[in-house]
Amino acid sequence: MEAGDTRRAHRVVTDRGCLAEVVAGLQGESAIALDIETYGPGKGDALDPWKGEIRLLQLAGEQTCVFLLDLKALGYDLGPLGDLLASKLIIGHNLRFDARWLRVKCGLRLPRLSCTLTAARLLSAGTKPGNDLDKCLERYCGIAPAADESRSDWGGMLLTGDQIAYAARDVAHLHLLKGRLDHELEMAGLDGAFALESRLLPVVIDMEVAGMAVDADNLRAIECSCRDQAAAVANEVRGLLGLPELNLGSSKQLLAALKGRGIDLISTNEEALRSCGEKEVVPKILAHRAFEKQAQQAATLVESIASDGRIHGQFDPMGTATGRFSSKSPNLQNIGRGELRSCFIAPEGRSLVIADYSQIELRAAAAIAGETRMIEAYKRGQDLHKITASAVLGKPLADITKEDRQKGKSSAFGLLYGQSAKGLVRYAKSSYGVNLTEDEARAIRQKFFATYGNLRQWHGQSHRSAEDGVTEIRTVTGRRRLIPSSASEWERFTALVNTPVQGSCADGLKQALIDLSTHLPEGAKIVSTVHDEIIVECDRTQAEAVCELLQSTMRESMGALFPQVPIEVEAGVCSNWGEKP
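Residues numbered from 1 in each chain as written. Predicted model: local features only at pLDDT ≥ 70, side-chain atom pairs only at ≥ 80, totals over all residues. Heavy atoms only, no water.

K.L.:
What exactly am I supposed to notice about the sheet that holds strand β16 (residues 533–539) here?
P.N.:
Within a sheet, adjacent strands bond to each other through the backbone by hydrogen bonds, running parallel or antiparallel. Spatially, the 4 strands line up as an open sheet ordered β15-β16-β12-β17, and their pairing is antiparallel. Only two strands of the sheet have a single neighbouring strand rather than two, namely β15 (525–530) and β17 (569–574). Strand-to-strand twist of the sheet, defined as the mean angle between neighbouring strand axes without regard to direction, takes the value 20°. Note: β15 against β16, 5 bridges, orientation antiparallel. Note that in β16 the partner of Ser528 across the bridge is Ile535. (Pairing = 2+ DSSP bridges. Helix = DSSP H or I, 4+ residues; strand = E, 2+ residues; numbered from the N terminus. Axes fitted to C-alpha atoms, helices over the stretch in contact; angles between N-to-C directions.)

K.L.:
Would you mind going over the sheet that holds strand β7 (residues 212–214) with me for this structure?
P.N.:
With antiparallel pairing, 3 strands are arranged side by side in an open sheet as β8-β7-β11. For this open sheet the edge positions go to β8 (310–311) and β11 (344–345), each flanked by a neighbour on one side alone. When β7 meets β8, the two strands line up antiparallel, connected through 2 bridges. Bridge assignment links Ala213 to a residue of β8, and that residue is Arg310.

K.L.:
Just checking my understanding: could you explain the pairing of β15 for this structure?
P.N.:
Side-chain direction in a regular strand flips from residue to residue, so the side chains alternate between the two faces of the sheet. Within β15, 5 of the 6 residues are buried, which leaves the element mostly enclosed by the surrounding structure. Where β15 folds back onto β16 in an antiparallel hairpin, the turn is made up of 2 residues, including His531, whose phi is positive at roughly 60°. (Buried < 20%, exposed > 50% of the residue type's maximum accessible area, 1.4 Å probe, protein only.)

K.L.:
I would appreciate a short explanation of the packing of aromatic side chains in the present structure.
P.N.:
The geometry of an aromatic ring pair is captured by the separation of the ring centres together with the interplanar angle, meaning the angle of the planes. For the coordinates displayed, the defined rule picks out 7 aromatic pairs. Their ring planes at 45° and their centres at 5.9 Å tell us that Phe97 and Trp101 sit as a pair that is tilted. Residue Phe97 and its partner Trp101 are located together in helix α4 (residues 95–106), separated by 4 residues, close to a single helical turn. One exposure class covers both Phe97 and Trp101, and it is buried. With a centroid separation of 5.1 Å and 65° between ring planes, the pair formed by Phe448 and Tyr452 is classed as edge-to-face. The class for Phe448 is buried, based on a relative accessible area of 0%. (Phe/Tyr/Trp six-rings, centres within 6.5 Å; stacked < 30°, edge-to-face > 60°.)

K.L.:
So what exactly am I meant to see when it comes to helix α11 (residues 251–260) here?
P.N.:
The α-helix winds at 3.6 residues per turn, so residues separated by three or four positions along the chain end up facing the same way. Looking at α11, one finds that the buried residues are Leu254, Ala257 and Leu258. One side of α11 carries all its buried residues, which in axial view fall inside an arc of 95°. Opposite the packed face of α11, turned more than 90 degrees from it, sit the exposed residues Lys252, Ala256, Lys259 and Gly260. On its buried face, α11 is in contact with α10 (216–241), α12 (270–275) and α13 (281–303). Two residues or fewer past α11, Gly262 is found with a positive phi of approximately 90°. (Arc of directions from axis to C-beta. Contact = heavy atoms within 4.5 Å.)

K.L.:
Help me understand the pattern of salt bridges in this model?
P.N.:
A pair can form between side chains of opposite charge whenever their charged atoms are brought close. Following the criterion strictly, the structure yields 35 salt bridges and no others. Asp70 is the partner of Arg55 in a salt bridge, and the nearest nitrogen-oxygen pair spans 2.9 Å. Taken together, the positions of Arg55 in strand β3 (residues 53–60) and Asp70 in strand β4 (residues 66–70) put the pair 15 residues apart, joining distant regions of the chain. Of the two residues, Arg55 and Asp70, both sit in the buried class. Salt-bridge contacts for Asp316 lead to Arg121; the nearest nitrogen and oxygen are separated by 2.9 Å. Here Arg121 lies in helix α5 (residues 116–124) and Asp316 lies in strand β9 (residues 314–316), a separation of 195 residues in the sequence. One connected set of salt bridges, linked through shared partners, spans Glu197, Arg479, Asp507 and Lys510. (Salt bridge = Lys/Arg side-chain N within 4 Å of Asp/Glu carboxyl O.)

K.L.:
Would you explain the nonpolar core in this entry?
P.N.:
The nonpolar side chains of a soluble globular protein tend to be buried with one another. Counting 101 residues, the largest nonpolar core has Ile534 and Val536 as its most contacted members. Considering every element that reaches this core, the biggest residue donor is helix α21 (residues 489–519), with 11 residues. Setting aside residues no more than four positions away along its own chain, Ile534 makes contact with Val353, Ile354, Ala355, Leu509, Ala512, Leu513, Leu516, Ile526, Ser528, Thr529, Leu550 and Met554. Ala60, Leu133, Ala188 and Phe194 belong to the second-largest nonpolar core, a separate cluster that totals 37 residues. (Core = buried A, V, L, I, M, F, W, Y, C linked by side-chain atoms within 4.5 Å.)

K.L.:
Just to check I follow, could you spell out the environment of Leu352 for this structure?
P.N.:
Take Leu352: it is sitting in strand β12 (residues 350–357). Spatially, the C-alpha atom of Leu352 lies 40 Å from that of Leu174, the residues being 178 residues apart in sequence. Once residues within four sequence positions are removed from consideration, Leu352 is found in contact with Met212, Phe344, Ile345, Ala346, Ile535, Val536, Glu537, Gly572, Val573, Cys574, Asn576 and Trp577.

K.L.:
Please clarify how the packing of α5 against helix α9 (residues 191–210) should be interpreted in this entry.
P.N.:
For any two helices packed against each other, the geometry comes down to the angle between their axes and how far apart the axes lie. At a closest axis distance of 10 Å, the pairing of α5 and α9 adopts a crossing angle of 140°. Comparing their axes, α9 and α5 come out oblique. Seen along the crossing, α5 lies across α9 with a hand that is right-handed. Contact residues: α5 offers Thr118, Ala119 and Leu122, while α9 offers Ala193, Phe194 and Glu197. Grouping the amino acids of the contact of α5 with α9 by side-chain chemistry returns 4 nonpolar, 1 polar and 1 charged. (Parallel < 35°, antiparallel > 145°, perpendicular 65-115°, else oblique. Left-handed = near helix turned anticlockwise from the far one by under 90°. Nonpolar A, V, L, I, M, F, W, Y, C, P; charged D, E, K, R; others polar.)

K.L.:
Would you explain the environment of Arg109 in this entry?
P.N.:
Looking at the element boundaries, Arg109 is found in the loop between α4 and β6 (113–115). With relative accessibility at 35%, the residue Arg109 sits in the partly exposed group. Put simply, Arg109 and Ser87 are 22 residues apart on the chain and 9.9 Å apart in space, counted from C-alpha to C-alpha. Discounting chain neighbours no more than four positions away, the residues touching Arg109 are Ala86, Arg103, Pro202 and Asp206. Here Asp206 takes part through its side chain, which lies 2.7 Å from a polar atom of the side chain of Arg109. (Polar contact = N/O pair within 3.5 Å; in protein donor to acceptor, adjacent residues only side chain to side chain.)

K.L.:
What should I look at first to understand the side chain of Lys88 in this one?
P.N.:
Tracing the chain through its elements places Lys88 in the loop between α3 (80–87) and β5 (89–92). Although Lys88 lies buried, it forms no salt bridge, and the closest oppositely charged side chain, Glu29, sits 7.7 Å away as judged by the N-O distance. Beyond its immediate chain neighbours, meaning those up to four positions away, Lys88 contacts Leu26, Gln27, Gly28, Glu29, Ser30, Ile32 and Arg112. (Lys, Arg positive; Asp, Glu negative; His and termini not counted.)

K.L.:
Is there a simple way to think about unusual backbone geometry in this case?
P.N.:
Residues apart from glycine generally show negative phi values, whereas peptide bonds are mostly found in trans. Omega for the bond connecting Ser329 with Pro330 falls within 30 degrees of zero, at 0°, which places this linkage in the cis form. Mapping Pro330 onto the fold places it in the loop between β10 (326–328) and β11. Backbone geometry at Asn94 places phi at a positive 70°, although glycine is not the residue there. Take Asn94: it is sitting in the loop between β5 and α4. Take Asn94: its relative accessible area is 30%, and that puts it in the partly exposed class. Of note, His531 is a non-glycine position whose phi angle comes to about 60°, a positive value.

Structure follows, in structure tokens:
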């Protein structure tokens, strides 16, 4: 097919007796292009396989016509067609969506996936050219966009000619697009990164489909309790300010009220409130916000519970610029330690095995920068945060207190990515509750880089590269992040130190998920990953063995990327997510 040729014969299938013909037509193909069209009774249900339905399943071989299977007429039992699809390489754009629906509705697991959206995102990472199917077809194949029927009614009795043409087009050019993208990936040295993401995709879909069991009653109780506490604290604030009608959600009203008490701020954001130093009203305002936030999170989680009593969060393996996972619907990475996590439970007779990497970004940075002092401390099993505290505070190691260690910890994680003294003050307070003056932060910063000279040299080289207008950065595995020409020198610098560390750690975690998925015993399943953590649900009798497997797999997968430094993994067997220390 020529690049500009958009013609492709199609056939609508509504009779189960014709499924054998579809199988016969696709049998000789090495790869099959696939897409689905969905619908549902409520808003957003067409995006949720536990609430919506699949209307069309579109399939195309490189040499065949486009088959459009009307599943409203055919039902979800695909029979031999399902077996065929499971045995083939499946090409699609945003396959995580399609494969998740087919798994839930048809019980079909697709182990070999080639997602053209993933390929396009790898090629454009760090920039925003737009990677929907129409933009990719135009950019890589010279095929002009067509009318968008994605929001039309796919649940109607009869589909229109425009809907059929739109659905057929969604798979008609995927073989061509894949070929063009494969070439681009190879030319950019990204074929290895794409292979990793392709192996990962079925694992992520399994994880999303598995979901996590939750205690809905406890979630509702937390929501009610937090709303009551928020209301009580709000009344205390109004009483202290002498304003019984004050709306704490109005920044304008709150600024005026605080000004009347002699607290003159230009913003009511958390940083401004915390830094103002007031000890009576402001802590209550912050407490009110914390209760409101937790109540809303609990309500969102309750709304997210599917018909099977589990929450099936969506995990985007390339959701950040560095290549780390992001999460949504709901965002499970945004749930802080505490009682909300305790609502994610292991069902009766089951356990959660939870493991996370210890100080992995510091270990990765030490390996990348060749920071021998850090590496030797890790090899000796020493407490790096105490060593750092001793160096930056000028105190003997034996005299370092718990509070001193927190200063060392905040310094290491804050300065690793090049924060200024002022930035360190904010970071230490917000992340670790450590109070520093700007002069103290400046002195700590100077001593930190005097202690860790190779980190200083790495930062210096990154600054020089930023000044020279560097246009791309790579992780240890070769994953690429492009830097737009509009980026400032500081943005280039932060990308240069962030991406090799966070991106490489992300690659190591992804490899661990892949390796783990092939070795877990029957009945055990990966149910979530949050930051540097992996959560597995298994039978209680399997828990200790799974815990050992999880630890060893995570160590080996990440250790292959950073052989210079020991990799440590902390793991435990829990009855709920909140038990993990």
